[in-house]
Amino acid sequence: SILYTSLYFLAYRYILKGNPSSWKFSPNIARTFLKTGSAVALLGAFAMIYSRIDQIMIRHMLDVTSVGLYSAGVRLVDLWGFIPTIIASALYPAVLNARKISEQLYVSRLRKLFVLYALPAIGISIMLSLAAKPLMLLIFGKEFVEGFHALQIYAWSIPGTFIGLFVMNILFTDDHRKILVFTAAFPALVNILLNLVWIPEYGIIGAAWATTISYSLIPIIPLFFKQTRAVLYAFYKPHL
């Protein structure tokens, strides 16, 4: 955080030639940030639920060994989380600039950006599901290889994660905060409920299915709202 802040400050001061001594506090801007930031804070909370609740529930409903087997697969999937962040940081500003020109150009760039999210996600999922056993053996050793079945299923949570982040960026840009929070909250609830039912019955396999299904709901939920259906359908339709 210190490094990020320092680099931003240096860019502002020496590249944009800004003068920090001229800064003034604005109550109106502060209220806007707090209002907008509340949705982001909730998203962060739900993201934490997604990433940890299954492991916590496995620990309490099964045993420590099962947590270890499951967590090994989770690490191999979480490893790829940097990709959508890089795509959004590098390309999403160009998409937003297109909106200033025309809505048609904006939708066109959204469609191309959707492909950049979807194709790597599907490719990584296929790779992980096919190579799950040798990867677990190579990276974690034979003690963890039994967890490869859960990894094969959990790997297919990646498309939902990547495309879900893409959809959430659009919702945030269009200021659909309530829909944004619901899109994050409802799958988290589904994840917990499915874990409660499936972990006692199917073990870590059930937890993997619960997480994969809940992540897959994120790109779909906004289609049920009139305010967001049109723009999402515009770039979903050509790829269906």
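Residues numbered from 1 in each chain as written. Predicted model: local features only at pLDDT ≥ 70, side-chain atom pairs only at ≥ 80, totals over all residues. Heavy atoms only, no water.

Digging into the overall build of the protein
Then comes step 1: Within the protein one finds 11 helices and zero strands.
Then comes step 2: Along its sequence from the N terminus, the protein presents helices and strands in the succession α-α-α-α-α-α-α-α-α-α-α.
Then comes step 3: Counting only C-alpha atoms and orienting by the principal axes, one finds that the protein spans roughly 60 × 40 × 30 Å.
Then comes step 4: Here the protein holds 240 residues, and the buried ones make up 40% of them.
Then comes step 5: With the model as given, the accessible surface of the protein reaches about 14,000 Å², and the carbon-plus-sulfur share is 69%.
Then comes step 6: Separation of charge centres in the protein, based on 20 positive and 9 negative side chains, amounts to 18 Å. (Helix = DSSP H or I, 4+ residues; strand = E, 2+ residues; numbered from the N terminus. Buried < 20%, exposed > 50% of the residue type's maximum accessible area, 1.4 Å probe, protein only. Areas by Shrake-Rupley, 256 points an atom, 1.4 Å probe, with all protein chains shown as cover. Lys, Arg positive; Asp, Glu negative; His and termini not counted. Charge placed at Lys NZ, Arg CZ, Asp CG, Glu CD.)

A word on the packing of helix 2 (residues 27–61) against helix 10 (residues 204–217)
Then comes step 1: Contact geometry for helix 2 and helix 10: axes closest at 10 Å, N-to-C directions at 160°. On the basis of the axis angle, helix 2 is roughly antiparallel to helix 10. Considering the relative orientation of helix 2 and helix 10, their crossing is right-handed. When helix 2 is examined against helix 10, the residues Tyr 50, Ser 51, Asp 54 and Ile 58 are found in contact with a partner set consisting of Ile 204, Ala 207, Thr 211, Ser 214 and Tyr 215.
Then comes step 2: Considered class by class, the residues forming the contact of helix 2 with helix 10 number five nonpolar, three polar and one charged. (Axes fitted to C-alpha atoms, helices over the stretch in contact; angles between N-to-C directions. Parallel < 35°, antiparallel > 145°, perpendicular 65-115°, else oblique. Left-handed = near helix turned anticlockwise from the far one by under 90°. Contact = heavy atoms within 4.5 Å. Nonpolar A, V, L, I, M, F, W, Y, C, P; charged D, E, K, R; others polar.)

A few points about helix 9 (residues 177–202)
Then comes step 1: With 26 residues, helix 9 extends 36 Å between its outermost C-alpha atoms, agreeing within 8% with the 38 Å of an ideal straight helix rising 1.5 Å per residue.
Then comes step 2: Where helix 9 bends most, at Asn 195, the angle is about 35°.
Then comes step 3: Where helix 9 is concerned, the buried positions are Ile 179, Leu 180, Val 181, Thr 183, Ala 184, Pro 187, Ala 188, Val 190, Asn 191, Leu 194, Asn 195 and Ile 199.
Then comes step 4: Once helix 9 ends, the next one or two residues include Gly 203, with phi positive near 70°. (Expected span 1.5 Å × (residues − 1). Bend = angle between axes of the 7 residues up to and from the residue.)

A few points about the nonpolar core
Then comes step 1: Judged by nonpolar contacts, the single largest core of 58 residues is most densely connected at Tyr 70, Tyr 106, Leu 110, Phe 166 and Ile 170.
Then comes step 2: No other element matches the 10 residues that helix 5 (residues 103–130) contributes to this core.
Then comes step 3: In this view, Tyr 106 contacts Tyr 92, Val 95, Ala 98, Arg 99, Ile 170, Asp 174 and Val 231; residues no more than four positions away in its chain are not counted. (Core = buried A, V, L, I, M, F, W, Y, C linked by side-chain atoms within 4.5 Å.)

Here's the deal with helix 10
Then comes step 1: Counted at 1.5 Å a residue, the expected span for helix 10 with its 14 residues is 20 Å, and the 20 Å between its end C-alpha atoms agrees.
Then comes step 2: For helix 10, the full list of buried residues reads Ile 204, Gly 206, Ala 207, Ala 208, Ala 210, Thr 211, Thr 212, Ser 214 and Tyr 215.
Then comes step 3: Contacts from the buried residues of helix 10 go to helix 2, helix 3 (64–78), helix 7 (148–154), helix 8 (158–173) and helix 9.

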